[in-house]
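Fold and contact review
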Amino acid sequence: LEQDFRVDLPTELRTVPEPLGPGHSEPGFRWRGTKGWLWRPEQYLAEIPTLARYKMNFLMNCYGSMCDIEHHGWGTPDCNRWWEPLPAAKRAAYERVVSKCQSRGIEFCFSLNPNISSRRAVNYESPEDLELIWQHYEWMLGLGVRWFNIQFDDITQGTDPSGQARLANTLLERLRQRNPRSELILCPVYYWGTGHEEPARPYLETLARDLHPDVYVFWTGDGVVGRITRKAAESYRTVVGHRLFIWDNYPVNDGAPTLHLGPLMKRDPDLCEVAEGYLSNPMYTQNEANRIPLLTVADYAYNPWAYDPARSIGQAILHQSRTRSQATVLRDLVELYPGMVLFDEGTGYNPAVDRFEELIDAPHSRHLADMYLRHVTDLALRMRRAFPGHFADTLATLEANLESMRLTYRERYGVEPPAR
């Protein structure tokens, strides 16, 4: 599968996830699900039926979704105004998301990151700041939510682990006063690796000492993206001293104009013996196409002992198709964008464009470049015909990549690329 990626479409539809075999009476990971990536309420609502159908039981909002992404660009200081109450319309929209999760047996987890891209970092010593943060958790608690998250990833202010632990401990104490079954996950500043790297180790050791023992800790794997091994998980858990919840950065594209559609790969089958939860970080606007790799995530998280990436991706495509022609289109799309994990690359890696650029750098390559452009152009046309009214954001990404390739073609050969 890794040497020359291709998808063999199966002739028979199988159950996804793969049923548990002898010796396993419970799923591998107790909590299995996904989160958003600057998703809007309608995207969360659209994905809940897929989660329920494929035995996933956990959905967390992106903390960015709680920011003012409706009026400000992500990363600008005025976007994250955590101290303000959410507008009534936005509250109502997320209340619908929570209600739909509850009706489908899915735990909704509320997430907030007060210190990322904000002009007002939370003061861990301030009773006023505590109350301003608490207003959001209290709102969700009143809706019957019992899973909560406080994020400190990718921040440059408020990185003190003792202050973070005190805030998390206070939140958990208040939550459990109202509902003793409440759970809290903390995402630390250093959320990857073995835990022994510098300067991660002293930070994580402080969390181990100061953080309430019941708080889960998010961990993305051996690196921020890429392979995830049991050995690294055990090492990190030992250093941080808390239960782990895996935050898997696949198939996330971080908003880059690329797709990651291949199967989940390079995850040890016994990770579930080290971590209780498994959360997939998705693509940005392309949540329809995201369902293809998501089904392989569901397959792995439910039954990691029997997980087979080649089998899983074929079944994922069949489950997202009604006809053989639709399945063929999706197969060709997956083969064009097999995912950054296959190549050990980052979230912005674009195998379709990268392959084209490698091709035209070869001598006497114009004929092959013509064939490649015609193939990708034909794929976009076939997608429109096979899925009318669907995959709009995926097609927009495909078209943007095509335009990039055409520009490169003009610059390389000095002529117009083949007609569309």
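For the structure itself, consult the block above.
Residues numbered from 1 in each chain as written. Predicted model: local features only at pLDDT ≥ 70, side-chain atom pairs only at ≥ 80, totals over all residues. Heavy atoms only, no water.

Looking at the overall build of the chain
Basically, it comes down to this: Each helix is a run of DSSP H or I of at least 4 residues and each strand a run of E of at least 2, with the numbering of both proceeding from the N terminus. In this setup the radius of gyration rests on C-alpha atoms only. A globule is expected at 2.2 Å times the number of residues raised to 0.38. Working definition: with a 1.4 Å probe on protein chains only, accessible area under 20% of the residue-type maximum means buried, over 50% means exposed, and in between means partly exposed. Should any heavy atoms of two residues lie within 4.5 Å, those residues are considered in contact. Using a 1.4 Å probe, the Shrake-Rupley method yields the accessible areas, and only the shown protein chains count as cover for residues. Under this rule, positive means Lys or Arg and negative means Asp or Glu; His and the chain ends count for nothing. Charge positions come from single atoms, namely NZ of Lys, CZ of Arg, CG of Asp or CD of Glu.
The helix and strand tally for the chain stands at 13 helices and eight strands. Relative to the globule expectation of 22 Å for 420 residues, the C-alpha radius of gyration of the chain, 22 Å, shows essentially globular dimensions. With the C-alpha coordinates of the chain rotated into their principal frame, the extents come out at 65 × 55 × 45 Å. By residue count, 58% of the 420 residues in the chain fall in the buried class. In the chain, the share of contacts with a sequence separation of at least 24, taken over all contacts with a separation of at least 6, comes to 78%. Accessible surface, the chain: about 17,100 Å² in total, of which carbon and sulfur atoms supply 49%. Distance between charge centres in the chain, computed from 46 positive and 55 negative side chains, equals 5 Å.

Digging into the sheet that holds strand E1 (residues 31-35)
Here is the rule: DSSP calls a pair of strands paired once it identifies at least 2 bridges connecting them. Note on geometry: axes are C-alpha line fits, over the in-contact stretch for helices, and angles between N-to-C directions span 0 to 180 degrees.
If you walk around this closed barrel you meet the eight strands as E1-E2-E3-E4-E5-E6-E7-E8, and the pairing is parallel. Going from strand to strand, the sheet's axes swing by 25 degrees on average, the running direction of each strand aside. Each of strand E6 (216-219) and strand E7 (244-248) touches helix H6 (residues 230-240); the most contacted strand, E6, lies at about 140 degrees to it.

Regarding the packing of aromatic side chains
Which entries qualify depends on this criterion: Centres within 6.5 Å make a pair out of two Phe, Tyr or Trp rings, where for Trp the six-membered ring is used; the pair is then stacked when the planes are under 30 degrees apart, edge-to-face when over 60, and tilted otherwise.
A full pass over the atoms with the stated rule returns 30 aromatic pairs. Centre to centre, the rings of Phe58 and Phe245 are 5.1 Å apart; their planes meet at 45 degrees, and the pair counts as tilted. In this pair, Phe58 sits in strand E2 (residues 58-60) while Phe245 sits in strand E7, placing the two residues 187 residues apart along the sequence. For the pair shown, Phe58 and Phe245 are each scored as buried. Considering the side-chain rings of Trp147 and Tyr216, the 5.5 Å spacing of their centres and the 45 degrees angle between planes classify their relative orientation as tilted. With Trp147 in strand E4 (residues 147-151) and Tyr216 in strand E6, this residue pair connects regions lying 69 residues apart in the sequence. Residue Tyr216 is classed as buried on the basis of its relative accessible area, which comes to 1%.

Some remarks on the pairing of E4
Across the five residues that make up E4, a large majority, five, are buried. In E4, alternate side chains face the same way, and those of Trp147, Asn149 and Gln151 on one face and Phe148 and Ile150 on the other are all buried. With four bridges joining them, strand E3 (residues 107-112) and E4 adopt parallel strand pairing. Directly across from Phe110, in E4, lies its bridge partner Phe148.

What about helix H5 (residues 200-210)?
As a reminder of what qualifies: This arc is built from the directions going out from the helix axis to the C-beta atoms.
Three or more residues of H5 are buried, namely Ala200, Tyr203, Leu204, Thr206 and Leu207. For H5, the angular spread of the buried residues around the axis is 155 degrees, confining them to a single face. Against the buried residues of H5 lie helix H4 (161-178), strand E5 (183-187) and H6.

Notes on the pattern of salt bridges
Selection rule: When a carboxyl oxygen of Asp or Glu is within 4 Å of a side-chain nitrogen of Lys or Arg, the pair counts as a salt bridge.
All chains considered together, the criterion is met by 33 salt bridges. The salt bridge involving Arg81 is made with Asp68; its shortest N-O contact spans 3.2 Å. Within this pair, whereas Arg81 is found in the loop between E2 and helix H2 (88-103), its partner Asp68 is found in the loop between E2 and H2, the two being separated by 13 residues in sequence. Between Arg410 and Glu403 there is a salt bridge, with its nearest N and O atoms 3.7 Å apart. Look at Glu403 and you get partly exposed, because its relative accessible area is 34%. Through salt bridges with shared partners, a single network forms among Arg176, Glu183, Asp214, Arg243 and Glu276.

Brief notes about the pairing of E1
What counts here: Note on handedness: a clockwise path from strand one over the helix to strand two, with the strands aimed away from the viewer, defines a right-handed crossover.
Taken across its five residues, E1 has five buried, putting it largely inside the fold. As paired elements, E1 and E2 share three bridges and run parallel to each other. Looking across to E2, one finds that Thr34 is bridged to Leu59. Since E1 and E2 lie parallel, the crossover through helix H1 (residues 41-53) that links them has a hand, and here it is right-handed.

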